[in-house]
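Chain residues, written in single-letter form:
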Amino acid sequence: MISHAEDGDRGGVPATIALYSILGFWFFYAVLVTLRASVMGFEAQGAMAARRAVVTVIGIVVTWVLYLCLRGFDRKRLAIRIVAAFSLAAPFALATAAANFYVFNIYDPASLFPDSEYRKYAHEQDFALKQIVEDAISRYFFLAAWAGLYLALSYASEAHRVERRASRLERAAQQAELRSLRYQVNPHFLFNTLNSLSSLVMKDRRDEAEQMILSLSNFYRTSLTGDPLEDVSLEEEVRLQKLYLDIESVRFPDRLIVRIDIPEALLNACVPGLILQPLVENAIKYGVSRTSSPVTVTIAAREESGMLLLTVADDGDKPPSADDGGSGIGLANVRDRLYARFGDQGQIRYGRRDGGGFMVHLRLPMIRRGQS
């Protein structure tokens, strides 16, 4: 579910950013014109400043209307938006020039220009038109500059929106992949367990079968309550594997020996849920079930250079080989889950042990409860 979108997510420049840019442009205009009037030594500076403030407010309103017009082109092609921006700037520049002429030349000009020569010049033919057109040309470049800024902001906003959307889609795809990989574990485990249960039933070992069913129920009650996208503590993950090993100990009461070697300081480390399950299953399938001698299945953990190293090993005398086509399914699942969750930081290594048996090493970032 996507949260409430910002203005920018709907395309174009958010109103607040547009307003700030308009205010900034016109504030710069007011300061620049005031400095020019001061340097040139115009009379009636106070009255001119007041009227300049009125013109500035009018300019802000006019530019805001220009912004609203430009928003109508946000979904168009870039070429159309450029033409629209620089074309619409012209009539709005003419409007601000006309407002400026009225404020300074029509409304009580005598208080600003007492000079008789100016009043005589003001009565010349086409004086108003010439003044408005001349001022409109300079204001056109001013508004065109703001329109160019708007286009740049609009492009940046659109690029940012596309980037956020791509990020959301990538995150959704990653979550879907994690769910899919996590859900592959349960059917695989259930298939193996039902085979074991069937074997007990066929041998008329009813008590062991009943115990296995209870253990299976406990295992699924615990494993299915977790969110497949959430990590679990190493303590919870190991507890779940103990439930599974309790199931298998019914099948191999005299052959299965479990050894847990995890420092207490690492019990709150976070790992993907059921990440050890395929590895423990393989240890049972290829290490314990193939021999009549006792086999020790070891689950160990240690910290090294800010990374968490997990190991699942067995000392069976018939480890999986290239001929065991199914042995790579669980390992491939673990590899893909580590990569989907941690990228290149999640690694898996496996192979035969020197002293006999098989060993799988997982290397993943050390994340403790409470860390992001």
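Just above, that's the structure.
Scope of this entry: the structure provided in the associated data block. (Residues numbered from 1 in each chain as written. Predicted model: local features only at pLDDT ≥ 70, side-chain atom pairs only at ≥ 80, totals over all residues. Heavy atoms only, no water.)

**Some details on the overall build of the protein**
Now for step 1: Helix and strand content of the protein: nine helices and seven strands.
Now for step 2: Within the span of the protein, comprising 372 residues, buried residues form 40% of the whole.
Now for step 3: In the protein, 78% of the contacts between residues at least 6 apart in sequence involve partners at least 24 apart.
Now for step 4: As presented, the protein carries roughly 20,800 Å² of accessible surface, and 58% of it is formed by carbon and sulfur atoms. (Helix = DSSP H or I, 4+ residues; strand = E, 2+ residues; numbered from the N terminus. Buried < 20%, exposed > 50% of the residue type's maximum accessible area, 1.4 Å probe, protein only. Contact = heavy atoms within 4.5 Å. Areas by Shrake-Rupley, 256 points an atom, 1.4 Å probe, with all protein chains shown as cover.)

**Digging into a nonpolar patch on the surface**
Now for step 1: A contiguous nonpolar patch, built from Leu129, Val133, Ile137 and Phe141 and spanning about 410 Å² of accessible area, is present on the exposed surface.
Now for step 2: Take Leu129: its relative accessible area is 53%, and that puts it in the exposed class. (Patch = residues over 30% accessible without salt bridge, like charges linked within 9 Å, V, L, I, M, F, W, Y side chains within 5 Å. Salt bridge = Lys/Arg side-chain N within 4 Å of Asp/Glu carboxyl O.)

**Examining helix H7 (residues 234-251)**
Now for step 1: In a regular helix each residue adds 1.5 Å, so 18 residues correspond to 26 Å; H7 covers 26 Å between its end C-alpha atoms and thus fits that length.
Now for step 2: Within H7 the residues assigned to the buried category are Leu234, Glu237, Val238, Leu240, Gln241, Leu243, Tyr244, Leu245, Ile247, Glu248 and Val250. (Expected span 1.5 Å × (residues − 1).)

**Quick word on the nonpolar core**
Now for step 1: In this structure, Leu308, Leu310 and Leu362 are the most contacted members of the largest nonpolar core, which totals 49 residues.
Now for step 2: Here the element with the most residues in this core is H7; it accounts for eight residues.
Now for step 3: Contact partners of Leu362, with chain neighbours within four places excluded, come to Ile275, Leu276, Leu279, Leu308, Leu309, Leu310, Val334, Leu338, Gln347 and Ile348.
Now for step 4: Core analysis: the second largest hydrophobic core is formed by 24 residues, Ala18, Ile60, Phe104 and Ala144 among them. (Core = buried A, V, L, I, M, F, W, Y, C linked by side-chain atoms within 4.5 Å.)

**Focus: the sheet that holds strand S7 (residues 358-365)**
Now for step 1: Strand order in the open sheet made by the five strands is S2-S4-S5-S7-S6, with mixed pairing throughout. Every other strand in the sheet has two partners, leaving strand S2 (256-261) and strand S6 (347-352) as the edge strands with one partner each. Neighbouring strand axes in the sheet, compared pairwise and without regard to direction, differ in orientation by 10 degrees on average.
Now for step 2: Bridge analysis of S6 against S7 gives six bridges, and the strand direction is antiparallel. Opposite Tyr350, over in S7, you have Val360 as the bridge partner. (Pairing = 2+ DSSP bridges. Axes fitted to C-alpha atoms, helices over the stretch in contact; angles between N-to-C directions.)

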